[in-house]
Amino acid sequence: MMMDLPLRLLRWTAHVTACGLLVIAVITVLREGLVAPAVGGVLFGLAYAAGLVSGRRVTWWGPVGLGVVTAGWAVLAVAAPPFVWLAFPLLYAYLELLPLWGAMFGVAVLTSAAILAAAWHAGEFTMALVVGPGAGAVVVTLLALACKALHTAITSKTPDGESPAQP
C-alpha cells in the first residue's frame with residue numbers, strides 16, 4: 001500500500017540514525033584506544049539488530065529486548081561519552097514498543113540518565129547538556145507519536161481506501 005511508505009520511511013530513519021550513531025561511537029572510542037567499550041558497542045548493535053529481526057515475530061522480545069538494550073546502553077553511556085547519544089533512537093524504541101504511559105515514563109528516565117551521563121563525562125552541568133537532550137527527547141517523542149497516528153490512519157482505512165464512517 002502506498003500510504004504505508006511514509007510510515008516505513010520514518011521507522012527506518014530511526015534505525016539508520018541508531019546505526020550511524022553507533023558506528024560513530026565505536027570508531028571514536030577505538031581511536032581513543034578504548035577497546036572494551038568498542039566491543040560493547042558492537043554487542044549493543046547485535047542486540048539492537050536482534051530486536052529488529054525478532055521484535056515483530058516474538059511477542060515477549062519487545063519488552064525483554066528493550067530491557068537488554070537499555071541495560072547495554074547504560075553501561076556504554078557510563079563507559080564512554082560517545083555512547084550517551086544512542087539514547088535518542090532508544091527513546092524511539094520505547095515509544096514504539098511500550099504503552100504510552102510506560103513509554104513516557106521511560107523517555108523521562110532515559111533522558112534524565114543521558115543528561116546525567118553527559119554531565120558526568122563533562123565534569124559539569126551546562127545549559128547545553130540539559131537543553132540538548134531535553135529538546136532531542138521532545139523531537140523523538142513527536143516523531144514516534146506522528147508514526148503512531150499515521151499507522152492508525154493507514155490501518156483504519158476500509159478496503160476501498162476510504163475512512164470508515166463516523167457515528
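Residues numbered from 1 in each chain as written. Predicted model: local features only at pLDDT ≥ 70, side-chain atom pairs only at ≥ 80, totals over all residues. Heavy atoms only, no water.

Engineer: Would you take a moment to explain the overall build of the protein for this structure?
Structural biologist: Counting its secondary structure elements, the protein contains six helices and zero strands. Along the protein, helices and strands appear, N-terminal first, in the series α-α-α-α-α-α. Counting the 167 residues in the protein, one finds 35% classified as buried. Per element, the accessible surface of the protein, about 9700 Å² overall, is 75% carbon and sulfur. (Helix = DSSP H or I, 4+ residues; strand = E, 2+ residues; numbered from the N terminus. Buried < 20%, exposed > 50% of the residue type's maximum accessible area, 1.4 Å probe, protein only. Areas by Shrake-Rupley, 256 points an atom, 1.4 Å probe, with all protein chains shown as cover.)

Engineer: Hey, could you run me through helix α4 (residues 87-97) in this one?
Structural biologist: Residues separated by three or four positions in an α-helix point in the same direction, a consequence of the helix having 3.6 residues per turn. Across the eleven residues of α4, nine count as buried, placing the element largely inside the fold. Every buried residue belonging to α4 is among A87, P89, L90, L91, Y92, A93, Y94, L95 and E96, and all of these are buried.

Engineer: Would you mind showing me how to read the packing of α4 against helix α5 (residues 100-122) here?
Structural biologist: For any two helices packed against each other, one specifies the inter-axial angle together with the distance between the axes. Put simply, α4 and α5 touch, their axes get as near as 9 Å, and they point 170° apart. The angle between α4 and α5 places the two elements in the roughly antiparallel class. On α5, the residues touching A87, L90, L91, Y94 and L95 of α4 are A103, M104, G106, V107, L110, T111 and A114. Considering only residue class, the contact of α4 with α5 consists of ten nonpolar, two polar and no charged. (Axes fitted to C-alpha atoms, helices over the stretch in contact; angles between N-to-C directions. Parallel < 35°, antiparallel > 145°, perpendicular 65-115°, else oblique. Contact = heavy atoms within 4.5 Å. Nonpolar A, V, L, I, M, F, W, Y, C, P; charged D, E, K, R; others polar.)

Engineer: Is there a simple way to explain the environment of L95 in this structure?
Structural biologist: With respect to the helices and strands, L95 occurs in helix α4. Of the residues examined, L95 reaches a relative accessible area of 2% and is grouped as buried. Taking the C-alpha atoms as reference points, L95 and A144, 49 residues apart in sequence, are found 6.1 Å from one another. Leave out the neighbours within four places in its chain, and L95 touches A103, M104, V107, V140, T141, A144 and K148.

Engineer: Explain the environment of A122 to me, please; I cannot follow it from the model alone.
Structural biologist: Position of A122 relative to the elements: it lies in helix α5. Classification of A122 as partly exposed rests on a relative accessible area of 48%. Between the C-alpha atoms of A122 and P81, which are 41 residues apart in sequence, the distance is 8.5 Å.

Engineer: Honestly, the packing of aromatic side chains in this entry has me stumped. Any pointers?
Structural biologist: To describe a pair of aromatic rings, you give the distance between the ring centres and the angle between the ring planes. Following the criterion strictly, the structure yields one aromatic pair and no others. Ring centres 6.1 Å apart and planes at 5° place the aromatic pair W85 and F88 in the stacked group. (Phe/Tyr/Trp six-rings, centres within 6.5 Å; stacked < 30°, edge-to-face > 60°.)

Engineer: Is there a simple way to think about helix α6 (residues 127-155) in this case?
Structural biologist: Look at α6: 42 Å from first C-alpha to last across 29 residues, which is about the 42 Å you get at 1.5 Å a residue. Of all the residues in α6, the buried ones are L129, P133, G136, A137, V140, T141, A144, C147 and I154. (Expected span 1.5 Å × (residues − 1).)

Engineer: Help me out: how do you make sense of the nonpolar core in this one?
Structural biologist: Membership of the largest hydrophobic core comes to 40 residues, with the highest contact counts inside it found for F44, W73, F83, L90 and L110. Among the secondary structure elements, those contributing two or more residues to this core are α1 (4-31), α2 (35-54), α3 (61-79), α4, α5 and α6. Here L110 is in contact with T70, W73, A87, L90, L91 and Y94, once residues within four sequence places are set aside. (Core = buried A, V, L, I, M, F, W, Y, C linked by side-chain atoms within 4.5 Å.)

Engineer: For this particular structure, what's the right way to read the confidence of the model for the protein?
Structural biologist: Residues shown with low pLDDT carry predicted positions that ought not to be read at fine detail. Within the protein, residue pLDDT values average 83, and 86% of them lie at 70 or more. Averaged pLDDT values over the elements of the protein bottom out at 84 in α2 and peak at 94 in α5. (pLDDT = per-residue confidence, 0-100.)

Engineer: Before we go on, may I ask you to explain the packing of α4 against α6 in this structure?
Structural biologist: Contact geometry of α4 with α6 gives a least axis separation of 9 Å together with a crossing angle of 35°. Where α4 crosses over α6, the two elements pack in a sense that is right-handed. Contacts between α4 and α6 pair F88, L91, Y92, L95 and E96 from the former with G132, P133, G136, A137, V140, T141, L143, A144, C147 and K148 from the latter. In terms of residue class, the contact of α4 with α6 is built from ten nonpolar, three polar and two charged. (Left-handed = near helix turned anticlockwise from the far one by under 90°.)

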